[in-house]
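One letter stands for each residue in the lines below.
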Amino acid sequence: MRRVKKFTALPTFFKNQRLVGVAALVSFIAIVGTILAWFVNWIVGIIWLVLVIIALIVIFKTLQGLSEQTTHYIENLSYRINRGEQESIIQMPLGVILCTDEGEIEWVNPYIQQLLGNEAIVGSDLQEVSEQLAEIVRLWPNEEKRVTELEWLGHVFQLQVQPELNAVYLMDRTTAAQVTADFENHKLFLGIVSLDNYDEVTEGMSDAEASTLRTYVTKTLSDWMTDHEIYARRLSVDRYLLIGYRSALEKAENDKFNLLKAIRESTSVQNAQITLSIGIAYNEMAIDTLAENAQANLDLALGRGGDQVVVKSSTGSARFYGGNTNPMAKRTRVRARVISQALADLFDQADQVFVMGHKRPDMDSFGGALGVRRLAEMLGKPAWVVYEETGREHSDIGLLLEQMSEDVADENALLTPNEVLTQMTDQSLLVIVDHSKPSLSESQEVYEALKDRVVIIDHHRRGEEFPEEPQLVYVESYASSTSELVTELFEYQPRRAQGLRRLEATAMLAGIQIDTKSFTLRSGTRTFDAASYLRAVGADGNLLQDFMKETVDSYRNRAHLIERAKIHGPVAIAVGEDDVQYDSVVAAQAADSLLQMIGVTSSYVITRRDNDTVAVSARSTGIVSVQLVMEAMGGGGHLSNAATQVKDTSTESVYELLLAEINKEDDEQEN
């Protein structure tokens, strides 16, 4: 029966449409040929018919054989592919985990089980096996939160998840990750170390004493660098070169570069306190670019007052370590004389000079601007202060503007930003005072128009945001105020020219007095020298007292902020209402007043400045650094006087952020 069925069954090639077509075409030709042969001669027809039958049998047998070979090949190939898929899942170094919809593990392939050893996880919940893996699987459909790498079982896996199958695939890339980590860890960094005050400290020493101090500092620095696997080489008496790998840099950063404190305290015991500044650059393949970046970072550290480390890559943001002490004033006035001469040369080359302070100017900013304007006019150059009255000025600035409008010599001293943009030329010079961040300038448009010809005079510590190529930089963070720096420049100007006028001298003296809290903070011998000079050239004591007064509303607002203060140990924080805008000077005065409370070493006042901005004014007695806290929130300033502004948030949110940064800074100091 089976033979009959096999005999009567159609050939397998009839399942292939192409072969059926070929067979049909051959059959049609054979039939047509047989008919034509019968019409010619019946004997020829018989012979042709026999030949056609034989040919058809051979053709059909051949097609049958080809069809069976093709079918056998396909079946064999399919078997091998299926077997290969199964073997690859079981044997190749690819982890596979299958789970249920509820997260229970149903199956793991032998590769994963090999890593697990004797531990059996089939039947366990994925959350219990690995919380991180379970979280990745849960968040996988969300592309924004998708994580594709996992450290688990001592290996690094690259993940792929098929949520519809509840399947997790783990490609082992431990070796590649190790190679990548080794490459990153063995990238070079370059550093330059500068002894900030070596010349001043050794000025009165004998050669033997200076040599002993230099040897001690070199040995201390070399020992610390050796412990951290960093190569140190002295370049000159006060410069060192550092070379090391990224892994060594991370180790040094983990120690917060405690070398600064070690050298400062150990040399202080010897009555020859030395401080270090270090600039470190990394993440750059070109060695010359790396060296340039290291020097730029050292300049940034020195510009911020020294005694600190600046670590910065070519593309990342800077990281600061140290800077917990007040910068020390230099005993020499050579720099002031050099700056005064360089500034005079720039004024000579300019056709006109514009002087611009920061937004919402205080007396130091406005007084310093008036002083620079007078310097330019002493050299015969027309000069103006860039400012546009808003009607919301604090009482002292309002009184100053009123006095200027009544004085014939000063009534045209101001220009609005629009007037400057109309009047400026390619030879005009812009001097920005009491700030070095372009974003804080009175007018962004004026700065952008004259950014290629900019001079900076400031007493705040330099931050990352800084004009790219200023013509002259006079940033001395040891100074009490910008007015002090500008006052010193007058001593080296020609005596024949008209010097400071009464109103200008009074405004500058008011700036010094306000910034030093009546000469109680950050006041050095040069601060009193500058104040003495200003009094000598006509600063009015009565007008100065008027500048120091405040309105009844300002007094009430300040008292209200103090009333809202919250005490957190040695920290006082006052938070203004989110729907009430406070003047910046009122907030600063409230912060100063909070320092007068017993047990308070630092104070912060959080107020709304405008509809989009919340400002923080920070003050300290010098025991702690409020500058570091403000820098962490995007601001800056001095160790004992700093501030920041936060956009698009509420005062309560800033309060929570401030508390977190204060606690973080306290933890780092304790560590």
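Calculation rules
- Residues numbered from 1 in each chain as written.
- Predicted model: local features only at pLDDT ≥ 70, side-chain atom pairs only at ≥ 80, totals over all residues.
- Heavy atoms only, no water.
- Helix = DSSP H or I, 4+ residues; strand = E, 2+ residues; numbered from the N terminus.
- Rg over C-alpha atoms; globule rule 2.2 N^0.38 Å.
- Buried < 20%, exposed > 50% of the residue type's maximum accessible area, 1.4 Å probe, protein only.
- Contact = heavy atoms within 4.5 Å.
- Areas by Shrake-Rupley, 256 points an atom, 1.4 Å probe, with all protein chains shown as cover.
- Patch = residues over 30% accessible without salt bridge, like charges linked within 9 Å, V, L, I, M, F, W, Y side chains within 5 Å.
- Salt bridge = Lys/Arg side-chain N within 4 Å of Asp/Glu carboxyl O.
- Lys, Arg positive; Asp, Glu negative; His and termini not counted.
- Charge placed at Lys NZ, Arg CZ, Asp CG, Glu CD.
- Phe/Tyr/Trp six-rings, centres within 6.5 Å; stacked < 30°, edge-to-face > 60°.
- Lys NZ or Arg CZ within 6 Å of the ring centre and 35° of its normal.
- Pairing = 2+ DSSP bridges.
- Axes fitted to C-alpha atoms, helices over the stretch in contact; angles between N-to-C directions.
- Arc of directions from axis to C-beta.
- 1 Å grid on protein atoms, 1.4 Å probe; cavity = no way out; pocket = protein on both sides within 12 Å on 5 of 7 lines; lining within 4 Å.
- Points joined across faces, edges and corners; volume = space filled by probe spheres on them.
- Nonpolar A, V, L, I, M, F, W, Y, C, P; charged D, E, K, R; others polar.
- pLDDT = per-residue confidence, 0-100.
- Parallel < 35°, antiparallel > 145°, perpendicular 65-115°, else oblique.
- Left-handed = near helix turned anticlockwise from the far one by under 90°.
- Core = buried A, V, L, I, M, F, W, Y, C linked by side-chain atoms within 4.5 Å.

Structural notes on the overall build of the chain
Reasoning step 1: Regarding its fold elements, the chain presents 25 helices and 23 strands.
Reasoning step 2: Relative to a compact globule of 671 residues, whose C-alpha radius of gyration would be 26 Å, the chain shows 41 Å and is clearly more extended.
Reasoning step 3: Across its three principal axes, the chain shows a C-alpha extent of roughly 145 × 65 × 55 Å.
Reasoning step 4: Out of the 671 residues belonging to the chain, those deemed buried represent 44%.
Reasoning step 5: Restricting to contacts in the chain with at least 6 residues of sequence separation, those with at least 24 account for 64%.
Reasoning step 6: Put simply, the chain shows about 34700 Å² of open surface, and 52% of that area lies on carbon and sulfur atoms.

Notes on a negative patch on the surface
Reasoning step 1: A surface patch of like charges, here negative, comprises Asp101, Glu102, Glu104 and Glu106.
Reasoning step 2: Tracing the backbone through its elements, the reader meets Glu106 in strand S2 (residues 105–108).

Topic: the packing of aromatic side chains
Reasoning step 1: This model, assessed by the stated rule, comprises six aromatic pairs.
Reasoning step 2: Between Phe354 and Trp384, the ring centres sit 5.9 Å apart and the planes meet at 25°, which makes this aromatic pair stacked. Residue Phe354 is located in strand S12 (residues 353–356), and its partner Trp384 is located in strand S13 (residues 383–386); the two are separated by 30 residues in the primary sequence.
Reasoning step 3: Judged by relative accessible area, which is 0%, Phe354 ranks as buried.
Reasoning step 4: Under the relative-accessibility criterion, Trp384 is labelled buried at 17%.
Reasoning step 5: Within the aromatic cluster, the residues linked to one another by ring pairs are Trp224, Phe257 and Tyr321.
Reasoning step 6: The ring of Trp140 has Arg146 sitting right over it, with the charged end atom 4.4 Å from the ring centre.

A look at the sheet that holds strand S8 (residues 239–245)
Reasoning step 1: Reading across from one edge, S7-S8-S6-S9-S10-S11 is the order of the six strands in this open sheet, with mixed pairing throughout. Edge positions in the sheet fall to strand S7 (231–236) and strand S11 (319–322), since each of these pairs with one other strand and no more. Pairs of neighbouring strands in the sheet enclose a mean axial angle of 20°, with direction left out of account.
Reasoning step 2: Bridge count for S7 against S8 is five bridges, and the pairing is antiparallel. Each bridged residue has a counterpart across the sheet, and for Arg233 the counterpart in S8 is Leu241.
Reasoning step 3: Taken strand by strand, helix H11 (residues 259–269) contacts strand S9 (276–282), strand S10 (308–313) and S11, and its axis lies near 165° from that of S9.

Topic: helix H21 (residues 541–548)
Reasoning step 1: Within H21, the full set of buried residues consists of Leu543, Leu544 and Phe547. Summarising the axial view, the buried residues of H21 lie within an arc of 105°, below the 170-degree limit, and thus occupy one face.
Reasoning step 2: Those residues of H21 that are buried lie in contact with helix H14 (363–378), helix H15 (395–406) and helix H19 (502–515).

Topic: the sheet that holds strand S20 (residues 602–608)
Reasoning step 1: An order of S18-S19-S20-S21-S23-S22 is seen for the six strands of this open sheet, with the pairing classed as mixed. Each edge of the sheet is formed by a strand with only one pairing partner; in this case those strands are strand S18 (565–568) and strand S22 (636–637).
Reasoning step 2: Across four bridges, the pairing between S18 and strand S19 (residues 571–575) is antiparallel. Its bridge partner being in S19, Ile567 is matched across the sheet by Ala572.
Reasoning step 3: Contacts from helix H22 (residues 552–563) reach S18, S19 and S20, with the element oriented near 40° to S18.
Reasoning step 4: Together, S18, S19, S20 and strand S21 (613–620) form the strand contacts of helix H23 (residues 584–594), whose direction differs from that of S20 by roughly 155°.

Structural notes on the pattern of salt bridges
Reasoning step 1: Applying the stated criterion to the full structure yields 19 salt bridges.
Reasoning step 2: Across the pair Asp307 and Arg264 runs a salt bridge, and its minimum N-O distance is 2.9 Å. Taken together, the positions of Asp307 in the loop between helix H12 (287–303) and S10 and Arg264 in helix H11 put the pair 43 residues apart, joining distant regions of the chain. Accessibility classification places Asp307 together with Arg264 in one group, the buried group.
Reasoning step 3: Here Arg360 makes a salt bridge to Asp610, at a shortest N to O gap of 3.5 Å.

So, helix H10 (residues 246–254)
Reasoning step 1: Inspection of H10 places Arg246, Ala248, Leu249, Ala252 and Glu253 among the buried residues, and these make up the whole buried set. Buried residues of H10 fall within an arc of 155° about the axis and therefore sit on the same side.
Reasoning step 2: At the exit of H10 stands Lys256, carrying a positive phi of roughly 60°.

Let's talk about empty space enclosed by the protein
Reasoning step 1: Overall, the coordinates contain one cavity of 30 Å³ or more when judged by the stated rule.
Reasoning step 2: Its volume calculated, the largest cavity comes out at about 50 Å³.
Reasoning step 3: If you trace the largest cavity, you find it lined by Gly357, His358, Pro361, Ser365, Phe366, Ala369, Val385, Val386 and Tyr387.
Reasoning step 4: No other element matches the three residues that H14 contributes to the lining of the largest cavity.
Reasoning step 5: Split into classes, the residues belonging to the lining of the largest cavity amount to six nonpolar, three polar and no charged.

Section: the confidence of the model for the chain
Reasoning step 1: Averaged over all residues, the pLDDT of the chain equals 84, while 91% of them reach at least 70.
Reasoning step 2: Across residues 1–10, where pLDDT falls below 50, the model places zero contacts with residues more than four positions away in sequence or in other chains.

Re the pairing of S8
Reasoning step 1: Going residue by residue along S8, you find Tyr240, Leu242 and Gly244 tucked away on one face and Arg239, Leu241, Ile243 and Tyr245 left uncovered on the opposite face.
Reasoning step 2: For strand S6 (residues 188–195) and S8, the ladder comprises seven bridges, and the chain directions are antiparallel. Counted as the bridge partner of Phe189 is Gly244 from S8.
Reasoning step 3: From the end of S7 to the start of S8, which pair antiparallel, there are two residues.

Digging into the pairing of strand S4 (residues 155–162)
Reasoning step 1: With four bridges connecting them, strand S3 (residues 149–152) and S4 associate as antiparallel partners. Note that in S4 the partner of Glu149 across the bridge is Gln158.
Reasoning step 2: Hairpin connection between S3 and S4: a loop of two residues separates the two successive antiparallel strands, and Leu153 in this loop has a positive phi of roughly 60°.
Reasoning step 3: The antiparallel hairpin formed by S4 and strand S5 (residues 167–172) contains four residues in its connecting segment, where Asn166 sits at a positive phi of about 55°.

Focus on the packing of helix H9 (residues 207–227) against H11
Reasoning step 1: The contact between H9 and H11 brings their axes to 11 Å, and the two run at 155°. In this view, H9 runs roughly antiparallel relative to H11, as classed from their interaxial angle. In this structure, the crossing between H9 and H11 has a hand that is right-handed. In this structure, H9 contributes Leu213, Tyr216, Val217, Thr220, Leu221, Trp224 and Met225 to the contact, and H11 contributes Leu259, Ile263, Ser266 and Thr267.

Describing the environment of Ile512
Reasoning step 1: Take Ile512: it is sitting in helix H19.
Reasoning step 2: Sequence separation between Ile512 and Ala479 is 33 residues, and the spatial gap between their C-alpha atoms is 9.9 Å.
Reasoning step 3: Setting aside its immediate chain neighbours within four residues, Ile512 contacts Ser480, Ser481, Ser483, Glu484, Phe519, Thr527, Ala530 and Leu534.

Regarding the nonpolar core
Reasoning step 1: If you look at the biggest cluster of nonpolar residues, it comprises 53 residues, and the most contacted ones within it are Phe347, Phe366, Leu400, Val431, Ile457 and Leu534.
Reasoning step 2: At eight residues, the largest contribution of residues to this core is made by H14.
Reasoning step 3: Formed by 30 residues, the second largest nonpolar core is a distinct cluster that contains Val193, Leu259, Ile263 and Ile278.

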